[in-house]
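Residues per chain, in single letters:
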Amino acid sequence: MLQIQDALVSLDLVERFFCCDLDKCLGECCIEGDAGAPITQEEYEKLKEILPVVYDDLAPAAQREIDERGVGYIDEEGDLVTTIVDNRNCVFTCYSPGGMCQCAIEKAYREGRIKDFRKPASCYLYPVRLTKYPTFTAVNYHRWKICKAAELLGKKEGIRLYQFLKDPLTSYFGKEWYDELATACEAYLEQYGDSGQ
């Protein structure tokens, strides 16, 4: 673990290579899973606010699900998550003609239709998951088979997980925090060598 201010960061962020390969996975992380994406209460309110902007980009089944159940719900573990369709897709997914799954929220953000919200933090930070404790935040790599192509591409390109997530980590924790993380990662690699998987 690396301690960066009040966060404990898994060594996976420095040792593992990672770079999303959407041509291979087609955005499967927005589809697979047993619940929607974790969201905060503030993000839940923001999703309701931006819904009219992205509503027409959503699949009819997603629109019906939102009309009936809203943009989020409390899952079996007691966490607030985005609503899903057919026990799979997040309701905010949309598909490109080639079948690639996209986030309708991020699509609207990139197109300038949403100014101040890219997508929920848990989505932007993925494949990192945060767990908040009373005195620190744990920053861990959520590793599963659908991201194997991302690990292979990251290794080929020489991109470490902490490097791939520079923008989302900076957005969440701040530039000073990320710079401290990058310095710690570089020092770790210098001391322990290339132990990336």
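Note that this is a predicted model, so its numbers are computed, not measured.

Visitor: Explain the overall build of the protein residue by residue, including any values.
Guide: Looking only at helices and strands, the protein has ten helices and ten strands in total. Relative to the globule expectation of 16 Å for 197 residues, the C-alpha radius of gyration of the protein, 17 Å, shows essentially globular dimensions. Over its C-alpha atoms, taken along the principal directions, the protein stretches across nearly 55 × 40 × 35 Å. The burial tally for the protein puts 46% of its 197 residues in the buried class. For the protein, long-range pairs separated by at least 24 residues make up 64% of all intrachain contacts whose partners lie at least 6 apart in sequence.

Visitor: Can you tell me about the nonpolar core, naming the residues and giving the values?
Guide: Judged by nonpolar contacts, the single largest core of 27 residues is most densely connected at Val9, Leu13, Tyr162, Leu169, Trp177 and Leu181. Those elements that provide at least two residues to this core are β1 (2-4), β2 (7-9), α1 (12-15), β10 (137-141), α8 (161-164), α9 (166-173) and α10 (175-192). Ranked by the residues each element gives to this core, the list is headed by α10, at seven residues. Leaving out residues up to four positions away in the same chain, Trp177 has contacts with Ile4, Gln5, Ala7, Val9 and Leu169. Ranked by size, the runner-up nonpolar core spans 22 residues in total, among them Leu47, Ile50, Val54 and Ala108.

Visitor: Let's hear about the packing of α9 against α10: which residues, and what values?
Guide: Helix packing geometry: the angle between the two helix axes and the distance between the axes. Their axes nearest at 7 Å, the elements α9 and α10 cross at an angle of 130 degrees. Classed by the angle they form, the pair α9 and α10 counts as oblique. Side by side, α9 and α10 meet where Lys166, Leu169, Thr170 and Phe173 of the first sit next to Lys175, Trp177, Tyr178 and Leu181 of the second. Its residues assigned to classes, the contact of α9 with α10 comprises five nonpolar, one polar and two charged.

Visitor: Report on the environment of Val139, specifying residues and quantitative values.
Guide: Structurally, the position occupied by Val139 is in strand β10. The exposure class assigned to Val139 is buried, which follows from its relative accessible area of 0%. The residues touching Val139, leaving out its near neighbours within four places in the chain, are Ala7, Leu8, Val9, Ser10, Leu13, Val128, Arg129, Leu130 and Phe173.

Visitor: So, the pattern of salt bridges: which residues are in play, and what are the values?
Guide: Tallied over the entire structure, the rule returns 14 salt bridges. Across the pair Lys148 and Glu151 runs a salt bridge, and its minimum N-O distance is 3.9 Å. Of this pair, Lys148 and Glu151 both sit in helix α7 (residues 148-157), separated by three residues, roughly a single helical turn. Overall, the relative accessible area of 45% leaves Lys148 in the partly exposed class.

Visitor: So, the pairing of β10: which residues are in play, and what are the values?
Guide: Taking burial as the measure, the five residues of β10 include four buried ones, the bulk of the element. Two strands pair when backbone bridges link them, and β2 and β10 are joined in this way by three bridges, in the parallel orientation. Bridging across to β10, Val9 finds its partner in Val139. Here five bridges tie strand β9 (residues 128-132) to β10, and the two strands are oriented antiparallel to one another. Following the sheet pairing, Val128 is matched in β10 by Tyr141. Adjacent in sequence and paired antiparallel, β9 and β10 are bridged by four residues.

Visitor: Residue-level account of the sheet that holds β10, with values.
Guide: Taken in spatial order, the four strands of this open sheet run β1-β2-β10-β9, and their pairing is mixed. With partners counted over all chains shown, the strands left at the sheet margins are β1 and β9, one partner each. Recorded for the sheet is a direction-independent mean angle of 25 degrees between the axes of neighbouring strands. Taken strand by strand, α10 contacts β1 and β2, and its axis lies near 155 degrees from that of β1.

Each value, and the rule that gives it
Residues numbered from 1 in each chain as written. Predicted model: local features only at pLDDT ≥ 70, side-chain atom pairs only at ≥ 80, totals over all residues. Heavy atoms only, no water. Helix = DSSP H or I, 4+ residues; strand = E, 2+ residues; numbered from the N terminus. Rg over C-alpha atoms; globule rule 2.2 N^0.38 Å. Buried < 20%, exposed > 50% of the residue type's maximum accessible area, 1.4 Å probe, protein only. Contact = heavy atoms within 4.5 Å. Core = buried A, V, L, I, M, F, W, Y, C linked by side-chain atoms within 4.5 Å. Axes fitted to C-alpha atoms, helices over the stretch in contact; angles between N-to-C directions. Parallel < 35°, antiparallel > 145°, perpendicular 65-115°, else oblique. Nonpolar A, V, L, I, M, F, W, Y, C, P; charged D, E, K, R; others polar. Salt bridge = Lys/Arg side-chain N within 4 Å of Asp/Glu carboxyl O. Pairing = 2+ DSSP bridges.

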